[in-house]
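Remarks on the overall topology
Below are the chains, spelled out letter by letter.
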Amino acid sequence: MTDTLTLNQVEAILENLGWRIRTAGERRQAIRNFQLAWNLGPSLKADGVPGPLTSAALRISESRRRAGKPTASAHFSFIEFRCKCGGRYSSCARIWIQRSTIRQMERYRAESGLGISIVSGCRCEEHNRAVKGALHSQHKLGKASDFAPARSVAWFTDRGIFKPGGLGANPARLVRHGDTGPNRGWSYST
Ligand SMILES: [Zn+2]
């Protein structure tokens, strides 16, 4: 099918995938964030308008969800990257993960052979503050993911995963942080 979904259909699917939609503005924002997470290429602008390409992508994600498969990529679902504030903050857009971050997570999974849990993905301003995240945290931009289990920094560096970007481990070394923000060597704090 190549036809365009109705706005009601779009809204129902986005809510099934983990977004929150209370107003027309939130619906437009959720569509835009879905488009950014899919990144269908230069032919699809993240314009918040559900045309044929976006409708087709929404149908794929929804049919994967119904089949019990990950909705965002081969092994990851949008909802895994959702801000962990639980919707407590009214301005939280819930999910705004960038495709580049999902791609790096897929690479980690493929090359490590591990099952991966996302510990922290998107963070709204308020939630980032509540968890004492860095002031300019890449989590706020949807470019970061904290995940477990971890491999060493050297293991990632050898494979160029999350490069360019940032990489770090918490002091217990149980969780690894990866992001697709500016390329930098950095020491991880939280
Ligand atoms: Zn939030």
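None of these values were measured; they are calculated from a predicted model.

Observations concerning unusual backbone geometry
A cis amide bond links Ala148 to the next residue, Pro149, at an omega of -5°. Looking at the secondary structure, you find Pro149 in the loop between strand E2 (144–148) and helix H6 (153–159). Cis geometry is adopted by the peptide bond preceding Pro164, which originates at Lys163 and carries an omega value of 0°. Locating Pro164 in the fold gives a position in the loop between H6 and strand E3 (166–169). Located in the positive-phi region is Arg94, a residue other than glycine, with phi close to 75°. Here Phe162, not a glycine, exhibits a phi torsion of approximately 60°, which is positive. Positionally, Phe162 belongs in the loop between H6 and E3. A residue is classified by how much of its surface remains accessible, and Phe162, at 0% relative accessible area, is buried.

Brief notes about the coordination of the zinc ion
Surrounding the zinc ion are the protein donor atoms Cys83 (SG), Cys85 (SG), Cys92 (SG) and Cys124 (SG), which sit 2.3 to 2.4 Å from the metal. One way to put it: the 4 donor atoms around the zinc ion meet at angles of 103 to 117°, and that makes the site tetrahedral. Here the donor residues for the zinc ion map to a single chain with the spacing C-x1-C-x6-C-x31-C. You can see Cys92 sitting in the loop between helix H3 (52–66) and helix H4 (99–112) and its partner Cys124 sitting in the loop between strand E1 (117–120) and helix H5 (125–130), a full 32 residues away along the chain. Residue classification places Cys92 among the buried residues on the basis of a relative accessible area of 3%. The exposure class assigned to Cys124 is buried, which follows from its relative accessible area of 6%.

A few points about the domain arrangement of the protein
For the protein, the assigned domains read domain 1 (1–71) and domain 2 (84–190). Look at where the C-alpha atoms of domain 1 and domain 2 centre, and you get two points 24 Å apart. At the junction of the two partners, domain 1 supplies 12 residues and domain 2 supplies 13 residues. Where domain 1 abuts domain 2, roughly 960 Å² becomes buried across the two surfaces, and 44% of that area is made up of carbon and sulfur atoms. In terms of surface lost to domain 2, no three residues of domain 1 exceed Trp19, Arg20 and Ala37, which account for 48% of the buried area on that side. Joining domain 1 to domain 2, the criterion identifies 0 salt bridges. Among the elements that make up the side of domain 1 that touches domain 2, the one with the highest residue count is helix H2 (residues 24–38) (6 residues).

Some words on helix H1 (residues 7–17)
Within H1, the full set of buried residues consists of Val10, Ile13, Leu14 and Leu17. For H1, the angular spread of buried residues about the axis comes to 100°, placing them on one side. Looking at the buried residues of H1, the elements they touch are H2 and H3. Backbone geometry just after H1 places Gly18 at a positive phi near 125°.

Notes on the environment of Arg59
Within the element layout of this structure, Arg59 appears in helix H3. Since its relative accessible area comes to 21%, Arg59 is described here as partly exposed. Along the primary structure Arg59 and Gln9 are separated by 50 residues, whereas in three dimensions their C-alpha atoms are 9.8 Å apart. Separated by 3.1 Å, the side chain of Arg59 and the backbone oxygen of Asp3 make a polar contact.

What counts, and at which threshold
- Residues numbered from 1 in each chain as written.
- Predicted model: local features only at pLDDT ≥ 70, side-chain atom pairs only at ≥ 80, totals over all residues.
- Heavy atoms only, no water.
- Helix = DSSP H or I, 4+ residues; strand = E, 2+ residues; numbered from the N terminus.
- Buried < 20%, exposed > 50% of the residue type's maximum accessible area, 1.4 Å probe, protein only.
- Donors = N, O, S within 2.8 Å, 3.2 Å for Na, K, Ca; no water.
- Tetrahedral: all angles 85-135°; square planar, octahedral: opposite > 155°, others 65-115°.
- Domains from an automatic or database assignment.
- Contact = heavy atoms within 4.5 Å.
- Buried area = accessible area lost by both parts, 1.4 Å probe.
- Salt bridge = Lys/Arg side-chain N within 4 Å of Asp/Glu carboxyl O.
- Arc of directions from axis to C-beta.
- Polar contact = N/O pair within 3.5 Å; in protein donor to acceptor, adjacent residues only side chain to side chain.

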